[in-house]
Amino acid sequence: MSAKLKKSKAKNSVPRRLRSEVEKILITEEQIARRIKTLAREIERDFRGHELVVVSLLNGTVMFLADLIRHLNLPLRLDFIGVSSYGSGTESGELVFTKELRLDVQGRDVLLIDDILDTGKTMSHVLPKIRALNPRKIKVCVLLDKPERRTHDIEADYVGFKIPDFFVVGYGLDFAERYRNLPFVGVLHPHIYKEVSKQIVQK
Ligand code: PRP
């Protein structure tokens, strides 16, 4: 095997220290980087001529946001909404707002960013809050869309990748606040979340 091939194989496989926790890489670093560039072009086309207010949902968007906005060749301002769903294990629970929007979005073009659209519950709470502030236009951009799990009638305007119903971590997405720093999107071994869910139930 050539050195180049070896290097790219190593880059596209789960690092050794994580092999018992992360089953496989679902979306590689390179695939994410390529898709973000095309997503940025789509967004630029739709928002050309206006200053954008990018509203990013904490915490999962940290990597996606940083990579996406550096490819957006548009004037923009940036703000965050802190929202978290505190549930047990893999099930989403009560939604808690931990940071409110500070920038004025009235009459503005808003791009709302999240890492994943899953049941749609988070978006179904956040969107009406922003709409009530009377922006000129509001569009939703997510890195990942898991349509199989949808329980709320929400669709994103820009989707990086549609994925099957796997428990995914990495590139900002967590399980129990871990794995956010992985450069790829990986599938978590079921034994990891089953163990933690059991511990939560026993508490
Ligand atoms: C995750 C994710 C989305 C939301 C999607 O957030 O970041 O905001 O769940 O799920 P839904 O469509 O079923 O609502 P989480 O509450 O885990 O917070 P985090 O961003 O800090 O990880």
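Bear in mind the structure is a predicted one, so any value in this text is a computation, not a measurement. (Residues numbered from 1 in each chain as written. Predicted model: local features only at pLDDT ≥ 70, side-chain atom pairs only at ≥ 80, totals over all residues. Heavy atoms only, no water.)

Draft legend 1. How the structure looks around helix α3 (residues 62-69). Among all positions of α3, only Phe 64, Leu 65 and Leu 68 are buried. On an axial view of α3, the arc spanned by its buried residues comes to 95°, and they lie on one face. Tucked inside the fold, the buried residues of α3 contact α2 (29-47), β2 (52-58), β3 (76-86), β5 (109-117) and β6 (137-145). (Buried < 20%, exposed > 50% of the residue type's maximum accessible area, 1.4 Å probe, protein only. Helix = DSSP H or I, 4+ residues; strand = E, 2+ residues; numbered from the N terminus. Arc of directions from axis to C-beta. Contact = heavy atoms within 4.5 Å.)

Draft legend 2. Spotlight on the environment of Tyr 86. Residue placement: Tyr 86 occurs in strand β3. Residue class for Tyr 86 comes out exposed when judged on its relative accessible area of 52%. C-alpha separation for the pair Tyr 86 and Val 96, spaced 10 residues apart in sequence, amounts to 7.4 Å. Among residues more than four places away in sequence, those in contact with Tyr 86 are Gly 93, Glu 94, Val 96 and Thr 98.

Draft legend 3. Focus on the site of the ligand. Near the ligand lie 15 residues; those nearest to it are Ser 85, Asp 114, Asp 115, Thr 119 and Thr 122. Within the backbone of Asp 118, one N or O atom sits 2.9 Å away from an oxygen atom of the ligand. For the ligand, the protein covers 87% of the area, taking 500 Å² as the surface of the free molecule. Elements supplying a minimum of two residues to the shell around the ligand: β3, β5 and α4 (121-131). By residue number, the principal contributor to the shell around the ligand is β5, which donates 3 residues. (Near = heavy atom within 4 Å. Polar contact = N/O pair within 3.5 Å; in protein donor to acceptor, adjacent residues only side chain to side chain. Areas by Shrake-Rupley, 256 points an atom, 1.4 Å probe, with all protein chains shown as cover.)

Draft legend 4. Molecular detail of the packing of α2 against α3. Two elements in contact, α2 and α3, have axes separated by 9 Å at closest approach and are oriented at 65°. Crossing angle aside, the handedness with which α2 passes α3 is right-handed. Residues Ile 36, Leu 39, Ala 40 and Ile 43 of α2 touch α3, and the partners they reach there are Phe 64, Asp 67 and Leu 68. Taken together, the residues that form the contact of α2 with α3 break down as 6 nonpolar, no polar and 1 charged. (Axes fitted to C-alpha atoms, helices over the stretch in contact; angles between N-to-C directions. Left-handed = near helix turned anticlockwise from the far one by under 90°. Nonpolar A, V, L, I, M, F, W, Y, C, P; charged D, E, K, R; others polar.)

Draft legend 5. Seen up close, the nonpolar core. Counting residues in each nonpolar core, the largest one holds 28 residues, and the members touching the most others are Phe 64, Leu 68, Leu 111, Cys 141 and Leu 144. At the level of elements, α2, β2, α3, β5, β6, β7 (158-162) and β9 (185-188) are the ones that each hand at least two residues to this core. Take this core: its biggest share by element is 6 residues, from α2. Excluding residues that lie within four positions of it along the chain, Cys 141 makes contacts with Leu 39, Ile 43, Phe 64, Leu 68, Leu 111, Leu 112, Ile 113, Asp 114 and Tyr 158. Residues Leu 101, Val 126, Leu 127 and Val 142 belong to the second largest nonpolar core, which totals 19 residues. (Core = buried A, V, L, I, M, F, W, Y, C linked by side-chain atoms within 4.5 Å.)

Draft legend 6. Main features of the sheet that holds strand β1 (residues 22-27). Taken in spatial order, the 3 strands of this open sheet run β1-β9-β8, and their pairing is antiparallel. The outermost strands of the open sheet, each flanked by one partner alone, are β1 and β8 (168-169). For β1 and β9, the ladder comprises 4 bridges, and the chain directions are antiparallel. From the neighbouring strand, Ile 25 faces β9, where its bridge partner is Gly 186. (Pairing = 2+ DSSP bridges.)

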